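Report on the structure
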Amino acid sequence: MENSGTIRIGNENFDFPIIEGIEGERALDTRTLRAKSGCITFDEGYGNTGSCLSEISFINGEKGILRHRGYPIEQLAEHSSFLETAYLVIYGQLPTADKLAAFCAEVRNHSSIHTGMRHHFEGFPSNAHPMAILSSMLNSLGAYYPEMSSNNREQDLAHFDESAALLISKVRTIAAMTFRMKQGLPFVFPDHSRRYAENFLHMMFSEPYNDYQDTSGASNALDLFLLLHADHEQNCSTSTVRMVASGGANLFASVSAGVCALWGPSHGGANMAVIKMLEEIHAAGDDGSRFIKDAKEGKAKLMGFGHRVYKNYDPRAKILGKSSERVLEGLGINDPLLDIAKHLERAALEDEYFVKRKLYPNVDFYSGILLKAIGIPVEMFTVMFAIGRMPGWIANWKEIAENSKSRIHRPRQVYTGSAIRDYLKVDER
Ligand code: CMC
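1. Side note on the site of the ligand
- Around the ligand lies a shell of 19 residues, among which His 267, Lys 301, Leu 302, Gly 304 and Arg 308 are the nearest.
- Within the side chain of Lys 301, an N or O atom sits 2.7 Å from an oxygen atom of the ligand.
- Note that an oxygen atom of the ligand is positioned 2.9 Å from one of the side-chain N or O atoms of Asn 362.
- The protein chains hide 71% of the 940 Å² of surface that the ligand would expose on its own.
- In terms of residue class, the shell around the ligand is made up of eight nonpolar, seven polar and four charged.
- Of the residues that make up the shell around the ligand, three or more belong to each of domain 2 (72-268 + 380-402) and domain 3 (270-374).

This is the structure in structure tokens:
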């Protein structure tokens, strides 16, 4: 039958239905496999496992396609804004002008942080990593809104619109406060007359008697960066958010876990690692060729290259590559790292090793160059990714919370440790 598949284990056949997504992708529905056969599937890294049905984002990694709620990322990047795309990702529809204005107002009105939270910042050493601070602060934030973080699904959902706007707003304020705290600078209050990205740059860089002014279009470039990170299907941090949410945890706790998952260098932390790599290549007087050789010999990894799903150009990298060039030009910056990155990209795309493995630049390859150009310190890069990804985490939490049939996520394992041992047997020590 076309809509079913068979697994043969030993001499027995087991039939399973095939679920088909709207873009034609097919999944063998093995939910009854263990009950029928006693066997489980083993898929470390989940490369072949669909963990959910989702309506939020679609990726075709072979063709390099990314769409949010059906809209191609290229169209959103050209015509939309971060907050409009955030609304789309969370609520499934592009907002009307009135709805967008109301959403932006809600985000604006939530931009300040309870003064009690300032004391939390004092507890961190100044060399604490901003991602550690961000994750702790987002979880602590929930404690200031117990009615929204009750771990009672109905109640948390009843407050969803407010908690979503609040998190999108306050993640940005917390990020800016983190930077100021680490610099030993006083916190800057949000300015309600500024748009989302510009307000962030204001909270980062304004000084008494020297208000931040965006004269170079930096806030538009930042808005684009955030938009391009808004959601990305079942990546490591989003799966983490869903995993935590599946146990019934509230939105604040779930996104705080997402920040932790994002931190690693194979995931969001790659944007920091790319700049570090480019700086090292530059300092060694290499144009990238030696580094490529090392990567091929397994001595190094070309950060910002490769992706579990994309076996073609990451469409976000294409957009960011072009816009980082434009931003640098607009700012009159001649960053040698951009030339190294472009050379690395060309060399890798022509090299048999990378071609054979279908390794292309991913979103992190050019994003660091763009962030650096607009003055964001490298240590804050992954935090910027987290601000951008917040709508996707929120939308995925909502999908789990609204599904009354969703089960706790609880994978199985294949045990490979010791067989049974006897505590009382001395010779086993
Ligand atoms: N440089 C050199 N070789 C690579 C790279 C790379 N960046 N990425 C993968 N390979 C090789 C890998 O060694 C393996 O080779 P072989 O077949 O000879 O063993 C082959 O390509 C397949 O790689 P894999 O490790 O099976 O791929 P994966 O799907 O498990 O990992 C990845 C995906 C993104 C973690 C990996 O490509 C990587 O570490 N890239 C660098 C870090 C990075 O840029 N991460 C950001 C990802 S995009 C942002 C996000 O969504 O988080």
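2. Side note on the pairing of strand S4 (residues 57-60)
- Because side chains alternate across S4, one face comprises the buried residues Ser 57 and Ile 59, and the other comprises Phe 58 and Asn 60, equally buried.
- Where S4 meets strand S5 (residues 65-68), four bridges bridge the pair, whose relative direction is antiparallel. Of the residues in S5, the one forming a bridge with Asn 60 is Ile 65.
- As consecutive antiparallel partners, S4 and S5 are separated by four residues, and within that stretch Gly 64 has a phi angle of approximately 70°, a positive value.

3. With respect to the state of the cysteines
- Across all of its chains, the model carries zero disulfides by this definition.
- Here Cys 52 is not disulfide-linked; the sulfur of Cys 236 is the nearest cysteine sulfur, at 14 Å.
- With a relative accessible area of 27%, Cys 52 lands in the partly exposed category.
- Of all cysteine sulfurs in the structure, the one in Cys 236 sits closest to Cys 260, which takes part in no disulfide; the separation is 11 Å.

4. What about a nonpolar patch on the surface?
- Where nonpolar side chains cluster on the molecular surface, the patch consists of Ile 40, Phe 42 and Val 414 and spans about 300 Å² of accessible area.
- Here Phe 42 is to be found in the loop between helix H1 (33-37) and S4.

5. Describing the sheet that holds S5
- Strand order in the open sheet formed by three strands is S4-S5-S6, and the pairing between neighbours is antiparallel. Lying at the two open borders of the sheet, with one neighbouring strand each, are S4 and strand S6 (71-72).

6. Things to note about the pairing of strand S1 (residues 4-9)
- Looking at chain direction, S1 and strand S2 (residues 12-20) are connected through six bridges and run antiparallel. Looking at the pairing, Ile 7 lines up with Phe 14 of S2.
- Counting the residues between successive antiparallel strands, the hairpin from S1 to S2 contains two residues, one of them, Gly 10, with a positive phi of roughly 60°.

7. Topic: the packing of helix H6 (residues 130-143) against helix H8 (residues 160-183)
- One way to put it is that H6 packs onto H8 with a least axis distance of 10 Å and a crossing angle of 135°. Taken together, the axis directions place H6 and H8 in an arrangement best described as oblique. In the packing of H6 onto H8, the handedness of the crossing is right-handed. Between H6 and H8, the contacting residues are Pro 130, Ile 133, Leu 134, Met 137, Leu 138 and Leu 141 on the first element and Leu 166, Leu 167, Lys 170, Val 171, Ile 174, Ala 175, Thr 178, Met 181 and Lys 182 on the second.
- Each residue belonging to the contact of H6 with H8 can be placed in one class, and the counts come to twelve nonpolar, one polar and two charged.

8. Regarding the domain arrangement of the protein chain
- You can read the domains of the protein chain as domain 1 (4-50), domain 2 (72-268 + 380-402) and domain 3 (270-374).
- Placing a centre on the C-alpha atoms of domain 1 and another on those of domain 3 gives a separation of 38 Å.

9. Examining the sheet that holds strand S3 (residues 26-28)
- Reading across from one edge, S1-S2-S3 is the order of the three strands in this open sheet, with antiparallel pairing throughout. Bordering the open sheet on either side are S1 and S3, each of which pairs with just one other strand. Strand-to-strand, the axes of this sheet are offset by a mean angle of 30°, without reference to chain direction.
- Where S2 meets S3, three bridges bridge the pair, whose relative direction is antiparallel.

10. Some points on the packing of aromatic side chains
- Throughout the structure, instances matching the rule amount to 14 aromatic pairs.
- Ring geometry for Phe 121 and Phe 187: centres 5.4 Å apart, planes at 55°, overall tilted. On the criterion of sequence distance, the pair formed by Phe 121 in helix H5 (residues 118-122) and Phe 187 in the loop between H8 and helix H9 (196-205) is long-range, its members being 66 residues apart.
- For Phe 121, a relative accessible area of 2% puts it in the buried group.
- Ring plane angle 45° and centroid distance 6.1 Å describe the contact between Phe 205 and Tyr 212, whose orientation is recorded as tilted.
- Among the aromatic residues, those joined into a cluster by ring pairs are Tyr 87, Tyr 91, Phe 103, Phe 160 and Trp 397.
- Positioned above the aromatic ring of Tyr 196 is the side chain of Arg 172, whose terminal nitrogen or guanidinium carbon lies 4.4 Å from the ring centre.
- Its end group placed over the ring of Tyr 353, Arg 357 keeps NZ or CZ at 3.8 Å from the ring centre.

11. Structural notes on the side chain of Arg 242
- As for its position among the elements, Arg 242 is in helix H11 (residues 236-246).
- Once residues within four sequence positions are removed from consideration, Arg 242 is found in contact with Cys 52, Leu 53, Ser 54, Gln 234, Asn 396, Glu 399, Ile 400 and His 409.

12. Here's the deal with the nonpolar core
- Counting 112 residues, the largest nonpolar core has Leu 138, Ile 168, Phe 200, Leu 222, Met 277 and Ile 376 as its most contacted members.
- When we break this core down by domain, the ones giving at least three residues each are domain 2 (72-268 + 380-402) and domain 3 (270-374).
- In this structure Ile 376 touches Phe 200, Leu 201, Met 204, Phe 205, Leu 371, Phe 381 and Met 384, once residues within four positions along its chain are discounted.

13. Concerning the environment of Arg 153
- One can find Arg 153 in helix H7 (residues 153-158).
- Note on Arg 153: relative accessible area 23%, which makes it partly exposed.
- Once the C-alpha coordinates of Arg 153 and Ile 133 are considered, the two residues, 20 residues apart in sequence, prove to be 27 Å apart.
- With sequence-adjacent residues up to four places away left out, Arg 153 is seen in contact with Ala 245, Ser 246, Gly 248, Ile 400, Ala 401 and Ser 406.

Cut-off values and rules
- Residues numbered from 1 in each chain as written.
- Predicted model: local features only at pLDDT ≥ 70, side-chain atom pairs only at ≥ 80, totals over all residues.
- Heavy atoms only, no water.
- Near = heavy atom within 4 Å.
- Polar contact = N/O pair within 3.5 Å; in protein donor to acceptor, adjacent residues only side chain to side chain.
- Areas by Shrake-Rupley, 256 points an atom, 1.4 Å probe, with all protein chains shown as cover.
- Nonpolar A, V, L, I, M, F, W, Y, C, P; charged D, E, K, R; others polar.
- Domains from an automatic or database assignment.
- Buried < 20%, exposed > 50% of the residue type's maximum accessible area, 1.4 Å probe, protein only.
- Helix = DSSP H or I, 4+ residues; strand = E, 2+ residues; numbered from the N terminus.
- Pairing = 2+ DSSP bridges.
- Disulfide = S-S within 2.5 Å.
- Patch = residues over 30% accessible without salt bridge, like charges linked within 9 Å, V, L, I, M, F, W, Y side chains within 5 Å.
- Salt bridge = Lys/Arg side-chain N within 4 Å of Asp/Glu carboxyl O.
- Axes fitted to C-alpha atoms, helices over the stretch in contact; angles between N-to-C directions.
- Parallel < 35°, antiparallel > 145°, perpendicular 65-115°, else oblique.
- Left-handed = near helix turned anticlockwise from the far one by under 90°.
- Contact = heavy atoms within 4.5 Å.
- Phe/Tyr/Trp six-rings, centres within 6.5 Å; stacked < 30°, edge-to-face > 60°.
- Lys NZ or Arg CZ within 6 Å of the ring centre and 35° of its normal.
- Core = buried A, V, L, I, M, F, W, Y, C linked by side-chain atoms within 4.5 Å.

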